Each structure stands twice: as structure tokens, then as C-alpha cells.
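Report on the structure
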Amino acid sequence: TLVVSPMVRGNAKAKSQEKRLKRLEAQRKSQKTDSKATKKIREAGIKFTCPECKAQFPAIKVADDHFMSRHSKKPYPRDWQRIKDAAEAERKAAAEEKERKRKEKKMEDAKLAFIRATLVKFYEEVDPEKVANVPKIVEKFNGKWDKLEAGLKKKFGDKAPAIIEPSDVAARKAVGL
């Protein structure tokens, strides 16, 4: 609804209000075709309200940006700081977990490479025809290195290579741990 008041500008004010309403309507229509993430935020509702100007925000990052740009001289809201600290701790924990998993994978890859190289070297000396079977052997006994080592000791005696402990040390050296 347009509010027309007897002002000096008169008709210009009414046109200005009409233009503003059309622009707002266009913005609302364009917001309806937003991404899934934006829709989820909207469905979840407003979560943060600026204590200074009462503006509402769907995420702490947006609220933080607003507060820092509009109210930088005012003290930062304590509850927002707690939320930011908790989110930062969560991000840090996730990054540490990701790094731990990356190191574990790197360690496992180095261990497999060491075992593969040890078996190739061993079979080149003992039975060169079986060198081609090393990938199949590694795949078959993956994670059951004690059984492989016991089988090699049973078949080849003292010539059998040590796979379990030395491979762990060598793998650690290869990874740099």
C-alpha cells in the first residue's frame, strides 16, 4: 500500500515508493529461486539478532561481518563469541582428525610398499618365478601379516624375511614419523 502525504514533492514521492515496492517484489521473487543451502537456512529461521540494531541473520559469519562493519566500536556480544569459539574448536578438531587420517593412510601405504619391496627382494633370491605373484600375495594377506610371515617361515625356514616389526619401523622412517 502506498502512503501519499501532502508534501512538496507530491507525485515524485508516490512514484519513488512505487519503484521501491517493485524492486522489493523483484528481490523476493529472485530469492525464491535461491540454492538449496539458502532454502535450508530460511527454513531453519533466523538464528542471530544484532543487539545494537536488532537486524537478524541466519548464520554467525554473516552476523559477525555485520557487527564488525556497523558496530565496530561497541563491545562484541558474549554469546556470539562463545558460538564463534565453539565453531572454531569444532573446525580445528575436524582438521586434526583429517590430518590424523591422512597420516594413518600415508603410514599404511608406506607399510604396504615396504612389505611389497621386501617380498620382491626375497622372492628374487629364493624363487624368481613367484615375483610376479607378489601383488596377489600382498592383497590376499593384507592385514594378516603374521599369517604370511608364519607361512614363509614354515616353508623357507630362516631365509624367510621379517615382515611385521621391521616393516613398521621402516614405514615410520619412510613417512617421516
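Data block above holds the structure.
Residues numbered from 1 in each chain as written. Predicted model: local features only at pLDDT ≥ 70, side-chain atom pairs only at ≥ 80, totals over all residues. Heavy atoms only, no water.

**Details of the side chain of His 71**
- Mapped onto the fold, His 71 is located in the loop between helix 3 (60-70) and helix 4 (78-126).
- Assessed through its relative accessible area of 13%, His 71 is described here as buried.
- Of note is the side chain of His 71, whose polar atom sits 3.3 Å from the side chain of His 66. (Helix = DSSP H or I, 4+ residues; strand = E, 2+ residues; numbered from the N terminus. Buried < 20%, exposed > 50% of the residue type's maximum accessible area, 1.4 Å probe, protein only. Polar contact = N/O pair within 3.5 Å; in protein donor to acceptor, adjacent residues only side chain to side chain.)

**What to know about the packing of helix 4 against helix 6 (residues 145-156)**
- In the contact formed by helix 4 and helix 6, the axes pass within 14 Å of each other and the chain directions differ by 10°. Comparing the axis directions of helix 4 and helix 6 gives the class roughly parallel. Along its contact with helix 4, which presents Leu 112, Ile 115, Leu 119, Phe 122, Tyr 123 and Val 126, the element helix 6 presents Trp 145, Leu 148, Leu 152 and Phe 156.
- Residue classes in the contact of helix 4 with helix 6 are distributed as 10 nonpolar, no polar and no charged. (Axes fitted to C-alpha atoms, helices over the stretch in contact; angles between N-to-C directions. Parallel < 35°, antiparallel > 145°, perpendicular 65-115°, else oblique. Contact = heavy atoms within 4.5 Å. Nonpolar A, V, L, I, M, F, W, Y, C, P; charged D, E, K, R; others polar.)

**Here we look at the nonpolar core**
- One finds Leu 119, Tyr 123, Trp 145, Leu 148, Leu 152 and Ile 163 to be the most contacted residues of the largest nonpolar core, which totals 14 residues.
- Among the elements of the structure, helix 4, helix 5 (134-140) and helix 6 are those that each provide at least two residues to this core.
- For this core, the element with the most residues is helix 4, which contributes 5 residues.
- Beyond its immediate stretch of four places on either side in the chain, Ile 163 contacts Ile 115, Leu 119, Trp 145, Leu 148, Glu 149 and Leu 152.
- Within the second largest apolar cluster, 8 residues are counted, among which are Phe 48, Phe 57, Ile 60 and Phe 67. (Core = buried A, V, L, I, M, F, W, Y, C linked by side-chain atoms within 4.5 Å.)

**Observations concerning the side chain of His 66**
- Mapped onto the fold, His 66 is located in helix 3.
- In this structure, His 66 is in contact with Cys 50, Cys 53, Ala 55, Phe 57 and His 71, ignoring residues within four places of it in sequence.

**Concerning the packing of aromatic side chains**
- Scanning the entire structure with this criterion turns up 7 aromatic pairs.
- When the ring of Phe 122 is compared with that of Phe 156, the centres are 5.0 Å apart and the planes differ by 85°; the resulting orientation is edge-to-face. Placement of Phe 122 in helix 4 and of Phe 156 in helix 6 is noted, with a sequence separation of 34 residues between them. Each member of the pair, Phe 122 as well as Phe 156, is classed as buried.
- Members of the aromatic cluster, each reached through a chain of ring pairs, are Phe 48, Phe 67, Tyr 76 and Trp 80. (Phe/Tyr/Trp six-rings, centres within 6.5 Å; stacked < 30°, edge-to-face > 60°.)

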